[in-house]
Amino acid sequence: MALIGSEDRSPDDTGWLHPAWLPRSLTAPLRARTVLVVAPEHPVIRTVVDELSHAGAKAIWLTDTDATASRAVIDLTITIDPELPPESFRLARHGGQTSLVGADPKGVLYGHFHLLRRGRLAFQGQWRQPVSTPAIGLRMLDHWDNIDVHPVMGQVERGYAGGSLFYDAGSLRWDLGRVDQYARLLASVGVNAVSINNVNVHATETTLLTTRLDWVTRLADHLRPWGITVFLSVNFAAPIVLGDLDSCDPCDQRVRQWWADTTDRVYAAVPDLGGYLVKADSEGQPGPFAYGRSHADGANLLARALSPHQGVVLWRCFVYNHRQDWRDRSTDRARAAFDHFVELDGAFLDNVILQIKHGPIDFQVREPVSPLLAAMPRTRVCLELQVTAEYTGQQRHVHYLPEAWQEILGFRPWGDETKLWQLMAIGQSQSPESTTTESPRSVRSGGAIAAVSNVGRDEFWTGHPFAQANLYGFARLAWDPTLTPAAILDEWIGSTFPEANPDLAPLLRQIILGSRALYESYTAPNGVGFMVTPGSHYGPSVDGYEYSPWGTYHFADREGIGVDRTRASGSGYTGQYHQPWADLFESVETCPEELLLFFHHVRWDHRMHDGDTLAQHIYNSHFDGAAAIHSLARLWTQADGLVEPRLYRRVAERLDEQCRCAQEWCDQITSYVWRHSGIPDDHGRPLY
Ligand code: GCV
């Protein structure tokens with residue numbers, strides 16, 4: 001069977017590793033030659049001290065009480081101020097001395113990286129920066145890494161950047177040096193949690209709870225010094241899979257005891273584990289439905305076991321019928337998460353966080369924001385994004401994902417000023433100004449955001465070197481969701497290509513900014529989604545999923561295309577939104593055109609706002625999109641000599657493939673529309 005993951009497509013372990021955005025200045029002598037660190041003994045503080053000493057600090061005084069060294073000779077002082085919000089920091093320079101004040105050890109670590117980013121400016125002049133505080137408390141990357149090489153999905157499910165950082169064909173990697181470097185990369189942008197195994201938990205990974213617990217301990221030991229908490233994905237049927245019980249019914253006392261005992265042992269080995277991540281009753285994974293129990297019963301089972309250890313359960317809401325009969329027009333996959341979960345609002349324990357994908361289907365290039373994210377005021381919720389570019393070009397196409405994420409985080413669920421990111425910041429799916437009488441859960445509250453990681457053993461970390469900007473962008477948005485994609489890109493360019501020829505930055509901006517809209521323009525049109533090759537999810541296959549059980553249909557016929565999700569005549573999905581969206585999406589006239597086919601079955605000759613027919617609109621967007629990619633590939637030739645040759649070549653190769661693939665998308669989609677609609681292209685371009 002062919003591998004779907006692309007471990008085989010990216011060079012692995014060449015020995016050379018691109019430093020990504022980590023400041024090169026670390027290798028140069030630090031301008032702070034003398035440093036006073038006033039902080040308690042802590043692994044993260046130890047990391048900062050090591051960083052400073054590698055950077056060339058001549059003398060570092062580490063003390064838990066002030067004033068061992070004469071202030072006069074100190075270039076940099078680092079102190080802790082517990083009054084600051086958790087993990088935040090403040091930087092200033094006064095009287096020839098730079099000061100870094102962190103709320104706690106992590107705040108010190110993040111402030112340290114910020115100092116490095118400032119480079120020599122950090123030690124010049126007089127200045128004071130405002131306190132920098134992360135907007136969202138839990139900023140997590142989910143790894144879909146398998147221990148064994150899965151026969152279909154490979155070592156990393158949906159991985160497009162070489163092998164797993166953690167595992168290699170059935171074993172934990174003996175040399176975890178790359179994990180250390182990854183942890184440092186994540187810490188430099190404030191990521192503070194990582195789940196270390198695939199949410200599709202096979203039998204081998206289930207043993208991470210028991211016989212392979214020492215692997216978890218080892219990984220936690222490597223991540224802890226960088227302020228990164230480890231989470232484990234667990235199999236809901238673990239008591240059965242591990243052969244201990246014949247049931248995993250959440251209401252069975254034996255099952256409850258099993259989870260309590262197992263979890264006690266896990267925490268004895270890793271006392272600061274973050275908790276469990278769970279995919280249940282989803283795409284073949286076991287769950288509480290098998291026993292007629294609800295997902296609140298299921299999540300609370302694990303929450304109870306984790307509670308004595310301050311652990312949390314991240315419980316995914318990606319629950320739908322993946323064995324649907326395509327002839328059944330009454331079932332709408334988009335409705336599923338809301339329909340399963342919303343009635344359970346208030347039934348979850350305080351240490352359960354529902355992890356909800358950004359759209360109601362599955363990480364498509366364009367989906368409306370999931371209505372569930374703003375529908376459970378008495379439940380903790382977490383937004384799930386996908387940095388790994390499964391449906392978005394698989395790190396072979398340039399695709400700058402922060403452009404989509406900014407739209408998602410900026411969505412206004414009630415049409416008022418409240419934005420989605422504010423909900424994620426407080427971790428409750430209700431407006432911060434809400435006057436709901438039922439007060440939100442306060443115990444262990446706090447926001448969360450998670451994303452599926454896109455890194456692997458590839459020498460550029462991410463396959464496409466520009467996909468590094470997606471990882472960087474996720475972390476920066478999790479820290480500050482008000483940043484614009486352009487500002488984030490400029491930061492990434494500045495740190496990744498320091499002291500580059502001034503021609504490079506504008507060139508990179510031209511290629512990367514707008515790449516999300518470009519990708520969208522030549523792939524599945526107007527929110528219809530899922531016209532990808534089944535299994536691999538790469539490249540076009542217009543009807544590939546049309547007669548499948550996965551619930552991802554576009555319903556094209558000779559009249560038109562798209563899914564009627566209206567209350568008036570369709571699945572009623574529009575009714576899951578608050579106003580004004582429920583009505584806005586309901587009407588063809590007011591529905592945003594980029595989502596038209598997500599919400600409506602529209603005639604091919606329907607007039608779009610610019611007067612073109614839908615068919616003509618699709619022709620234009622696809623022909624223009626494919627042509628634009630060819631232009632980008634030509635533009636990139638100007639970077640020859642401006643970047644490392646191997647980076648130049650990697651991007652050039654990927655752009656060649658993007659040109660080929662975009663043309664294939666364009667030809668298949670436009671010919672399909674022509675054959676179904678019979679509407680010729682006004683511009684007479686080739687239709688087959
Ligand atoms: C880990 C999509 C992907 C699957 C993934 C699933 C999920 O369906 O194709 O590979 O499984 O999402 O998010 O659980």
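Residues numbered from 1 in each chain as written. Predicted model: local features only at pLDDT ≥ 70, side-chain atom pairs only at ≥ 80, totals over all residues. Heavy atoms only, no water.

Caption draft 1: Quick look at the overall build of the chain. Scanning the chain from N- to C-terminus turns up 19 helices and 20 strands. On C-alpha atoms alone, the chain measures out to a radius of gyration of 26 Å, which is about the 26 Å that the 2.2 N^0.38 rule sets for 688 residues. Taken along its principal axes, the extent of the C-alpha atoms in the chain is 85 × 65 × 55 Å. Across the 688 residues of the chain, 60% fall into the buried class. Looking at the chain alone, contacts between residues at least 24 apart form 71% of all its contacts between residues at least 6 apart. (Helix = DSSP H or I, 4+ residues; strand = E, 2+ residues; numbered from the N terminus. Rg over C-alpha atoms; globule rule 2.2 N^0.38 Å. Buried < 20%, exposed > 50% of the residue type's maximum accessible area, 1.4 Å probe, protein only. Contact = heavy atoms within 4.5 Å.)

Caption draft 2: Here's a closer look at the nonpolar core. Formed by 213 residues in total, the largest nonpolar core has its most connected members in Trp 259, Tyr 276, Trp 315 and Trp 636. Residue contributions to this core peak at 12 residues, all from helix α19 (residues 645-677). (Core = buried A, V, L, I, M, F, W, Y, C linked by side-chain atoms within 4.5 Å.)

Caption draft 3: Up close: the confidence of the model for the chain. Considering every residue of the chain, the mean pLDDT works out to 93; 93% of them sit at 70 or more. Counting contacts from residues 1-9, a segment whose pLDDT is below 50, to residues more than four positions away or on other chains yields 32 contacts. This stretch, residues 435-444, has a pLDDT under 50; its non-local contacts, to residues over four places away or in other chains, come to 18 contacts. (pLDDT = per-residue confidence, 0-100.)

Caption draft 4: Structural detail: the site of the ligand. Contacts to the ligand come from 15 residues, most closely from Glu 157, Lys 279, Arg 316, Lys 357 and Glu 390. Take Lys 357: an N or O atom from its side chain is 2.6 Å from an oxygen atom of the ligand. Contact between the ligand and Glu 390: an oxygen atom at 2.5 Å from a side-chain N or O atom of the residue. Considered on its own, the ligand offers 340 Å² of accessible surface; in the complex 96% of this is hidden by protein. (Near = heavy atom within 4 Å. Polar contact = N/O pair within 3.5 Å; in protein donor to acceptor, adjacent residues only side chain to side chain. Areas by Shrake-Rupley, 256 points an atom, 1.4 Å probe, with all protein chains shown as cover.)

Caption draft 5: Structural view of the pattern of salt bridges. The full count for this structure, using the stated rule, is 35 salt bridges. Arg 646 serves as the salt-bridge partner of Glu 459, at 3.6 Å between the closest nitrogen and oxygen. Taken together, the residues span a long stretch of sequence, with Glu 459 in the loop between β18 (448-452) and α12 (468-479) and Arg 646 in helix α19 at a distance of 187 residues. For Glu 459, a relative accessible area of 9% translates into the label buried. (Salt bridge = Lys/Arg side-chain N within 4 Å of Asp/Glu carboxyl O.)

Caption draft 6: Molecular detail of the pairing of β18. With five of its five residues buried, β18 lies for the most part within the structure. By the alternation rule, side chains of β18 split into Ala 448, Ala 450 and Val 452 and Ile 449 and Ala 451, which are all buried. Sheet analysis places strand β7 (residues 138-142) next to β18, joined by five bridges and oriented parallel. Following the sheet pairing, Leu 138 is matched in β18 by Ala 448. Pairing of strand β17 (residues 380-386) with β18, which is carried by four bridges, proceeds in the parallel orientation. Within β18, the residue paired with Leu 385 across the bridge is Ala 451. (Pairing = 2+ DSSP bridges.)

Caption draft 7: The packing of aromatic side chains, seen in detail. Taken as a whole and assessed by the stated rule, the structure comprises 30 aromatic pairs. Arranged with centres 5.0 Å apart and planes meeting at 75 degrees, the rings of Tyr 577 and Phe 585 form a pair that is edge-to-face. Exposure class is identical for Tyr 577 and Phe 585. Each is buried. Plain terms: the ring middles of Phe 585 and Phe 599 are 4.3 Å apart, the flat faces sit at 10 degrees to each other, and that makes the pair stacked. Pair noted here: Phe 585 is in helix α16 (residues 581-586) and Phe 599 is in helix α17 (residues 596-599), with a separation of 14 residues, a long-range link. Phe 599 gets classed as buried once you look at its relative accessible area, which sits at 0%. (Phe/Tyr/Trp six-rings, centres within 6.5 Å; stacked < 30°, edge-to-face > 60°.)

Caption draft 8: Region of the structure containing helix α3 (residues 177-187). Extensive coverage of α3 is indicated by the burial of eight of its 11 residues. Listed as buried for α3 are Arg 178, Val 179, Tyr 182, Ala 183, Arg 184, Leu 185, Leu 186 and Ala 187. Tucked inside the fold, the buried residues of α3 contact α1 (43-54), α2 (105-118), β7, β12 (193-195), α5 (213-223) and α12.

Caption draft 9: Region of interest: α12. Over its 12 residues, α12 runs 17 Å from end to end, which matches the ideal 16 Å to within 8%, given 1.5 Å per residue. Along α12, 12 of the 12 residues are buried, which leaves the element largely enclosed by surrounding structure. Burial in α12 covers these residues: Gln 468, Ala 469, Asn 470, Leu 471, Tyr 472, Gly 473, Phe 474, Ala 475, Arg 476, Leu 477, Ala 478 and Trp 479. (Expected span 1.5 Å × (residues − 1).)

Caption draft 10: View of the side chain of Arg 93. Mapped onto the elements, Arg 93 comes out in strand β4 (residues 89-94). No salt bridge is formed by the buried Arg 93. Its closest oppositely charged neighbour is Asp 75, at 6.4 Å. Within polar-contact distance, the side chain of Arg 93 engages the backbone oxygen of Gly 96 at 3.4 Å. Once you skip the residues sitting within four places of it in the chain, Arg 93 turns out to touch Asp 75, Thr 98, Ala 122, Phe 123, Gln 124, Gly 125, Gln 126 and Trp 127. (Lys, Arg positive; Asp, Glu negative; His and termini not counted.)

Caption draft 11: Representation of the domain arrangement of the chain. Domain annotation of the chain identifies domain 1 (24-128), domain 2 (138-496) and domain 3 (519-563 + 601-677). Here the C-alpha centroids of domain 1 and domain 3 sit 49 Å apart. (Domains from an automatic or database assignment.)

Caption draft 12: Summary view of the sheet that holds strand β5 (residues 97-102). Pairing in this open sheet of six strands is mixed, and the strands run β2-β1-β3-β5-β4-β6 from one edge to the other. In this open sheet, the two edge strands, each paired with only one partner strand, are β2 (59-63) and β6 (127-128). Note that β4 and β6 share two bridges and pair antiparallel. Residue pairing for β6: Arg 93 is matched across the bridge by Trp 127. α1 rests against β1 (34-38), β2 and β3 (76-80) of the sheet, and its axis sits at about 170 degrees to β2. (Axes fitted to C-alpha atoms, helices over the stretch in contact; angles between N-to-C directions.)

Caption draft 13: Here's a closer look at the pairing of β4. One ladder, built from six bridges, connects β4 with β5; its direction is antiparallel. Each residue of the ladder has a partner; that of Phe 89, found in β5, is Gly 102.

Caption draft 14: A look at the packing of α3 against α5. Closest axis-to-axis distance for the α3/α5 pair is 9 Å, and the angle between their directions is 45 degrees. On the basis of their axis angle, the class for α3 and α5 is oblique. The chirality of how α3 crosses α5 is right-handed. Residue-level inspection shows Val 179, Asp 180 and Ala 183 of α3 in contact with α5, the latter providing Leu 219, His 222 and Leu 223. Of the residues belonging to the contact of α3 with α5, the class tally is four nonpolar, one polar and one charged. (Parallel < 35°, antiparallel > 145°, perpendicular 65-115°, else oblique. Left-handed = near helix turned anticlockwise from the far one by under 90°. Nonpolar A, V, L, I, M, F, W, Y, C, P; charged D, E, K, R; others polar.)

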